Every structure is written in structure tokens, then in C-alpha cells.
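# A structural walkthrough
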Amino acid sequence: MPAAIAMLVGLQLGEIVAYRNEKRGALVQNVVPVRMLENSQSNGGSVSLQFHTENAFHPNRPDYVGLLCLRPAHQEEVGTYVASIRQALPLLSDKDRAILCENRFITSPPPSFRSEQKTEPHPLLSGDIDDPDIRVDFHATAALDDTGAEAMSRLGEALAAVRSALHLRHGDMVFLDNRLVVHGRSAFTPRYDGTDRWLHRVFVHLDNRRSRARRPGGGAVLM
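Residues numbered from 1 in each chain as written. Predicted model: local features only at pLDDT ≥ 70, side-chain atom pairs only at ≥ 80, totals over all residues. Heavy atoms only, no water.

So, on to the pattern of salt bridges. Applying the stated rule across the entire model yields eight salt bridges. One salt bridge connects glutamate 102 with arginine 104, and the closest N-O pair in it is separated by 2.5 Å. On the basis of relative accessible area, glutamate 102 is assigned to the partly exposed category, the value being 33%. Look at the salt bridges and you will find they share partners, linking Glu22, Glu54 and Arg201 into a network. (Salt bridge = Lys/Arg side-chain N within 4 Å of Asp/Glu carboxyl O. Buried < 20%, exposed > 50% of the residue type's maximum accessible area, 1.4 Å probe, protein only.)

Moving on, we come to the sheet that holds strand S5 (residues 80-84). Across the sheet, which stays open at both edges, the four strands sit in the order S3-S12-S5-S10 with antiparallel pairing between neighbours. What marks the edges here is a single partner per strand, and that holds for strand S3 (49-52) and strand S10 (164-166). Between one strand axis and the next, the sheet turns through 25 degrees on average, direction left out of account. With five bridges joining them, S5 and strand S12 (residues 181-185) adopt antiparallel strand pairing. Paired with serine 84 across the two strands is valine 181, which belongs to S12. Set on the sheet, helix H4 (residues 146-162) makes contact with S3, S5, S10 and S12; between it and S5 the angle comes to about 115 degrees. (Pairing = 2+ DSSP bridges. Helix = DSSP H or I, 4+ residues; strand = E, 2+ residues; numbered from the N terminus. Axes fitted to C-alpha atoms, helices over the stretch in contact; angles between N-to-C directions. Contact = heavy atoms within 4.5 Å.)

Burial analysis of strand S4 (residues 64-71) places seven of its eight residues in the buried class, the great majority of the element. Direction of pairing for S4 relative to strand S11 (residues 173-177): antiparallel, over a ladder of five bridges. For leucine 68, the partnering residue across the bridge sits in S11 and is methionine 173. Relative to strand S13 (residues 198-205), S4 is paired through seven bridges, and the arrangement is antiparallel. Along S13, the bridge assignment pairs cysteine 69 with leucine 199.

Right, let's talk about H4 for a bit. When the terminal C-alpha atoms of H4 are compared, their 25 Å separation across 17 residues agrees well with the 24 Å that a helix rising 1.5 Å per residue should span. The complete set of buried residues in H4 reads Gly148, Ala151, Met152, Leu155, Gly156, Ala158, Leu159 and Val162. The buried side chains of H4 occupy one side of the element, clustering within an arc of 165 degrees when seen end-on. Exposed side of H4, more than 90 degrees from the buried face: Asp146, Glu157 and Ala161 are the residues found there. A side-chain oxygen of the first residue of H4 lies 3.3 Å from the backbone nitrogen of threonine 147; this N-cap is aspartate 145. (Expected span 1.5 Å × (residues − 1). Arc of directions from axis to C-beta. Polar contact = N/O pair within 3.5 Å; in protein donor to acceptor, adjacent residues only side chain to side chain.)

Nonpolar side chains collect at one region of the surface, where Met1, Ile5 and Val9 lie side by side and expose about 310 Å² of accessible area between them. Secondary-structure assignment places valine 9 in helix H1 (residues 2-10). (Patch = residues over 30% accessible without salt bridge, like charges linked within 9 Å, V, L, I, M, F, W, Y side chains within 5 Å. Areas by Shrake-Rupley, 256 points an atom, 1.4 Å probe, with all protein chains shown as cover.)

This brings us to the side chain of aspartate 96. Structurally, aspartate 96 is set in helix H3 (residues 94-100). Judged by relative accessible area, which is 5%, aspartate 96 ranks as buried. The residues touching aspartate 96, leaving out its near neighbours within four places in the chain, are Ala151 and Arg154.

To continue, consider unusual backbone geometry. Generally, phi is negative for residues other than glycine and the peptide bonds are trans, each holding for most cases. Even without being a glycine, asparagine 55 presents a positive backbone phi close to 55 degrees. Tracing the backbone shows asparagine 55 in the loop between S3 and S4. Judged by its relative accessible area of 5%, asparagine 55 is buried.

Tracing the backbone shows serine 211 in the loop between S13 and strand S14 (221-222). A relative accessible area of 1% means that serine 211 is categorised as buried. A polar atom in the side chain of serine 211 sits 3.0 Å from the side chain of arginine 215. Filtering out sequence-adjacent residues up to four positions away, serine 211 remains in contact with Asn60, His205 and Leu222.

This part covers the pairing of S12. Of all the five residues making up S12, five are buried; the element is thus mostly covered by neighbouring parts of the structure. Residues of S12 alternate between two faces, with Val181, His183 and Arg185 on one and Val182 and Gly184 on the opposite face, all of them buried. Examined bridge by bridge, S3 and S12 share two bridges and lie antiparallel to one another. Its bridge partner being in S12, leucine 49 is matched across the sheet by arginine 185.

Now the structure itself:
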């Protein structure tokens, strides 16, 4: 039933999609701590998860990421951190904004995708300079030069300055705008006894036609 709810709510925004190499293409994904992944920068880890755009490496990233809480963490301090580029942008200089809009960065896939392929050089900010989209993974994105690295570092500081924490309770569901918001997670100590934090996650595209070439047979799972 919770998976059906996550799907139905997500469909009010757009089309539910998945990625073949992410949890075997499941449309509704379980986010739980996994012992063998505890030190990884992934949804199965329990170390502090750095700010990131979901699937920042992929040309057809989700427009929205939905998180439905089935079971909250037993530690009250565990939360999902979020930060909006709209709030962070005024903290950046015009020079840094210009650098972040240039093709100075590359991004690797997360561990769950089991791929070593990196992106072509891309900007971290795109679109209107006064209201840009953001595309970054502070664990997987690297600058191609020192100038880009310094600007990226200041972007991270700006996002950290405006971040807020979401403490999801049983039955809460949140949708994050993956074009404008980066998210992360505080560290926690799992029990691995069936009582740990458990979320359902869905990915939403607003326009499925953009990804048609990467969805074999017109299905919902992207290559």
C-alpha cells in the first residue's frame, strides 16, 4: 500500500521513472541502511551524505525526488538536509556565478550505478543567471581547474549557510525539486535489526518526451 501511495502522489506531478542500474530499475525504491554500504556515499550508507543533485551525472535527471517515510530513524537527530540555490545565490559573487556557469566540471555516477563513466564537462549552474538550475554532487563532481574548484568550494559554503533539516515522521512525504534543491543526510548509527530508518523513493519527470531515446520500448526505465 505505501508503494502505491508514493506512485499515486508522484503521478500528480508528472511521470514516474527509474534507472536500470539503480536498484534494478524499481519504480518505487527502498531506502534503508545496508551494512556492507555503511561507509559509502549512497542511499544505503549511514555516514554523512554530502549535498547532491540526484543523479547529477545523468542527462535525464529526475525533476522531482519523492521521499515517503515508512519508519523514522530511532535517533532524533537524523535528518534530510536540503538547500536551495535560490537562497544560496545571493551569497555568491558575480565572478563565482560566471565561473559556475562554465563547462569546468565533470561528475561520476554514484556507487549504486556500478559504472565508471564520467560526464562531459558541464556547468554547475545553468539557465537564467538570476534564477539558475543547479547540477552538482559534492562527492562525485570535480572541477577541471583550480579556478573552478575554488568557485565550487564557495558554492558549497553558500549552500551550507542556507541549509535546513527535514525530520520525516511516519507517513510524511516530501518532494524535492531536483533542479533547484540539493539534498543530503546526517550521519547515524544503524541497528540492522529491522527497525532502522526506511523510506520509499520515487523519481518524477515533468516531460517524458525528453528521455524517450533512453527508455527502451517507451517504458518507464531509463538506460
